[in-house]
Amino acid sequence: MFKKILIANRGEIALRVIRTCREMGIQTVAVYSTADSESLHVKFADEAVCIGRPASVDSYLNVPNIMAAVEITNADAVHPGYGFLAENAKFAQICNENGIKFIGPTGDMINKMGDKITAKETMIKAGVPVVPGGEGLLQSLDHAKGEAKSIGYPVILKATAGGGGKGMRIVWEESELERAYDTAKVEAAAAFKNDGIYMEKFVEEPRHIEIQVAGDQYGTICHLSERDCSIQRRHQKLVEESPSPFMTDELRHAMGEAAKKAAGAIGYESVGTIEFLVDKHRNFYFMEMNTRIQVEHCVTEEVINFDLIKEQIKIAMGEKVSGADYYPQMHAIECRINAEDPYNDFRPSPGKITNLHVPGGHGVRVDSHVYAGYTIPPYYDSMIGKLITVARTRNEAIDTMYRALSEYVIEGIKTTIPFHLQLMQNEDFRSGNFNTKFMESFVMKK
Ligand code: MV4
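Values in this document were obtained by computation on a predicted structure and should not be read as measured data.

The rules behind the values
- Residues numbered from 1 in each chain as written.
- Predicted model: local features only at pLDDT ≥ 70, side-chain atom pairs only at ≥ 80, totals over all residues.
- Heavy atoms only, no water.
- Pairing = 2+ DSSP bridges.
- Helix = DSSP H or I, 4+ residues; strand = E, 2+ residues; numbered from the N terminus.
- Axes fitted to C-alpha atoms, helices over the stretch in contact; angles between N-to-C directions.
- Contact = heavy atoms within 4.5 Å.
- Domains from an automatic or database assignment.
- Near = heavy atom within 4 Å.
- Polar contact = N/O pair within 3.5 Å; in protein donor to acceptor, adjacent residues only side chain to side chain.
- Nonpolar A, V, L, I, M, F, W, Y, C, P; charged D, E, K, R; others polar.
- Buried < 20%, exposed > 50% of the residue type's maximum accessible area, 1.4 Å probe, protein only.
- Core = buried A, V, L, I, M, F, W, Y, C linked by side-chain atoms within 4.5 Å.
- Arc of directions from axis to C-beta.
- Salt bridge = Lys/Arg side-chain N within 4 Å of Asp/Glu carboxyl O.
- Parallel < 35°, antiparallel > 145°, perpendicular 65-115°, else oblique.
- Left-handed = near helix turned anticlockwise from the far one by under 90°.

Observations regarding the sheet that holds strand S13 (residues 284-290)
Spatial ordering of the open sheet is given by S13-S12-S9-S10-S11-S14-S21-S19, a layout of eight strands whose pairing is antiparallel. One side of each edge strand has no neighbouring strand; the edge strands of this open sheet are S13 and strand S19 (364-368). Within this sheet the neighbouring strands show an average axis-to-axis angle of 25°, counted without direction. Where strand S14 (residues 331-338) meets strand S21 (residues 383-391), eight bridges bridge the pair, whose relative direction is antiparallel. Bridged to Cys 335 within S21 is Leu 387. Along the sheet face, helix H12 (residues 394-407) touches strand S11 (236-242), S14, S19 and S21 and points at about 140° away from the line of S21.

Below, the structure is given as structure tokens:
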């Protein structure tokens, strides 16, 4: 049904979408900023339109410019990728109102999950477990004190317009509450133009395990099992895998059913992800929903042998999902290759790639938009590629990852490859003994 898709994104995800469109016989339009004219997504698309200056607000976030590119190329759908406009309800609405299909959920679904208190209330009504704590906005410091007393310390303050860890404050005892309350409110107002904050019990040393879901416009939702994303640093994921080493068949079933209920509660249409916190007793709690395709979708693709971008496009074209759930048949691990210096606090390291050798061989997948001679611009995310390995067992996937990382040559810039090499040899990582605090105590060996 779609003849031409405009990809409102850049980098590896733009390339990822172009590849699937090619296989489906769909024409592609790339958009690019003046900093990205030499980028591979521009070269690989059937057409390309420059949409503005390097700063994201002038190009990849500039809705009028993107809509103009849609109009001049006569595209009939927009794929937003992740980041940028992927969870912008207004953009989704503008596309759909102009007869351009936004490949994702409706603006209304994005809004229902975008406000965290609304999302939490929806989950409670749907019977999805949420972290115990206050329902609704905190009205005053006294209100916060009362709630914290009944929840029991430690508690966490979160911005209702937040997400992804921005503007959170952990409070260990009442003496810290006033300061935390004030700063959380000021930060939320500055970051999200909405100073609404709420309180939850602070779950200590949780794992971050998310469930991939896919829903169609006929109300059918299936789950595609989990990804473990506990290896993160400052809310940036570094490694993701499926299945989770912490998972049991019973927990997967319970989380899968909860994820379907969560998506079903808003009549979700498209591919999406329900994020859960999982404590050491395997209690799980809804955290938030990502109403987009995610960076780490590839590990799910590898363990269930399924093209999630193709599924997302087919759902947008009005096709049905299968109705069956999907279970991991393999083990996959993804290492994010960032232009950052792991020996120097993961400081960004943009610049020219002078020499490049990409790993290959059995069980190795590389999703990347860079090439020898390419200059990584300093304006955007530092991720320059994803290395994914797949094998029958976790140990084998780790061994393949170590081998592939050892083959990878990227010269001219610093990358996270040395970090991943050390992680693959780390005893706690190898034994699956980790949670979201893992990176707080990880130190690079010289
Ligand atoms: C929490 C939590 C502990 N208890 N909520 C971080 C991202 C945002 N989505 C919510 N986050 C957390 N919420 C309660 N009640 C701990 C985190 C958290 C975290 C979660 C997932 C992955 C990494 C994390 C790192 C620090 C804190």
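Details of the domain arrangement of the protein chain
Once the domains are mapped, the protein chain shows domain 1 (4-103), domain 2 (132-201) and domain 3 (207-441). Computed over C-alpha atoms, the centres of domain 1 and domain 2 are 37 Å apart.

Focus on the site of the ligand
Taken together, the neighbourhood of the ligand is formed by 18 residues, with Lys 158, Glu 200, Lys 201, Val 203 and Glu 288 sitting nearest. Here a nitrogen atom of the ligand sits 2.7 Å away from a polar atom, N or O, in the main chain of Lys 201. Between the ligand and Val 203 there is a distance of 2.8 Å, counted from a nitrogen atom to a backbone nitrogen or oxygen. Of all the secondary structure elements, the ones that give two or more residues to the shell around the ligand are strand S6 (155-159), strand S8 (197-201), strand S12 (270-278) and S13. Its residues assigned to classes, the shell around the ligand shows seven nonpolar, six polar and five charged. Mapping the shell around the ligand onto the domain boundaries places at least three of its residues in each of domain 2 (132-201) and domain 3 (207-441).

Things to note about the environment of Val 271
On the secondary structure map, Val 271 appears in strand S12. Taking relative accessible area as the criterion, Val 271 reaches 0% and is therefore assigned buried. As for Val 271 and Ile 315, which are separated by 44 residues in sequence, their C-alpha atoms are 8.3 Å apart. The contacts of Val 271, once residues within four sequence positions are left out, are Gln 212, Val 213, Ala 214, Arg 292, Ile 293, Leu 308, Gln 312 and Ile 315.

Thoughts on the nonpolar core
Judged by nonpolar contacts, the single largest core of 37 residues is most densely connected at Phe 2, Ile 5, Ile 103, Ala 214, Leu 224 and Ile 313. For this core, the domains that each give at least three residues are domain 1 (4-103) and domain 3 (207-441).

Looking at helix H7 (residues 141-151)
Within H7 the residues assigned to the buried category are Leu 141, Ala 144, Glu 147 and Ala 148. Angularly, the buried residues of H7 cover 120° about the axis, an arc narrow enough to put them on a single face. The exposed residues of H7 that point more than 90 degrees off its buried face are Asp 142, Lys 149 and Ser 150. Tucked into the core, H7 has its buried residues touching S6, helix H8 (177-192) and S8. Looking one or two residues past H7, Gly 152 carries a phi angle of roughly 95°, positive in sign.

Comments concerning the pattern of salt bridges
Evaluation of the coordinates by the stated rule reveals 33 salt bridges. Linking Lys 112 and Asp 108 is a salt bridge whose minimum nitrogen-to-oxygen distance equals 3.1 Å. With Lys 112 and Asp 108 both in helix H5 (residues 107-114), this residue pair falls four residues apart, about one helical turn. Among the salt bridges present, the one from Glu 301 reaches Arg 365, with a minimum N-O distance of 3.0 Å.

With respect to the packing of H7 against H8
For the pair H7 and H8, the least separation of the axes is 10 Å and the interaxial angle reads 120°. By the angle class used here, H7 and H8 are oblique. For the element pair H7 and H8, the recorded crossing hand is right-handed. Where H7 approaches H8, its residues Leu 141, Ala 144, Lys 145 and Ala 148 are matched on the opposing element by Leu 177, Glu 178 and Tyr 181. Split by residue class, the contact of H7 with H8 holds five nonpolar, no polar and two charged.

A look at the sheet that holds S6
Read across the sheet, three strands follow the order S7-S6-S8 without closing on themselves; strand pairing throughout is antiparallel. Only two strands of the sheet have a single neighbouring strand rather than two, namely strand S7 (169-171) and S8. Adjacent strand axes in the sheet meet at a mean angle of 25°, parallel and antiparallel pairs treated alike. Here three bridges tie S6 to S7, and the two strands are oriented antiparallel to one another.

A closer look at helix H4 (residues 89-97)
If you check which residues of H4 are buried, you get Ala 89, Phe 91, Ala 92 and Cys 95. Along the axis of H4, the buried positions cluster into a sector of 165°, meaning they face one direction only. The outward face of H4, more than 90 degrees from its buried face, is lined by the exposed residues Lys 90 and Glu 97. At its buried positions, H4 is contacted by helix H3 (63-73), strand S4 (77-79), strand S5 (101-102) and H5. Backbone nitrogen of Lys 90 and a side-chain oxygen of the N-cap are separated by 3.1 Å at the start of H4; the cap is Asn 88.

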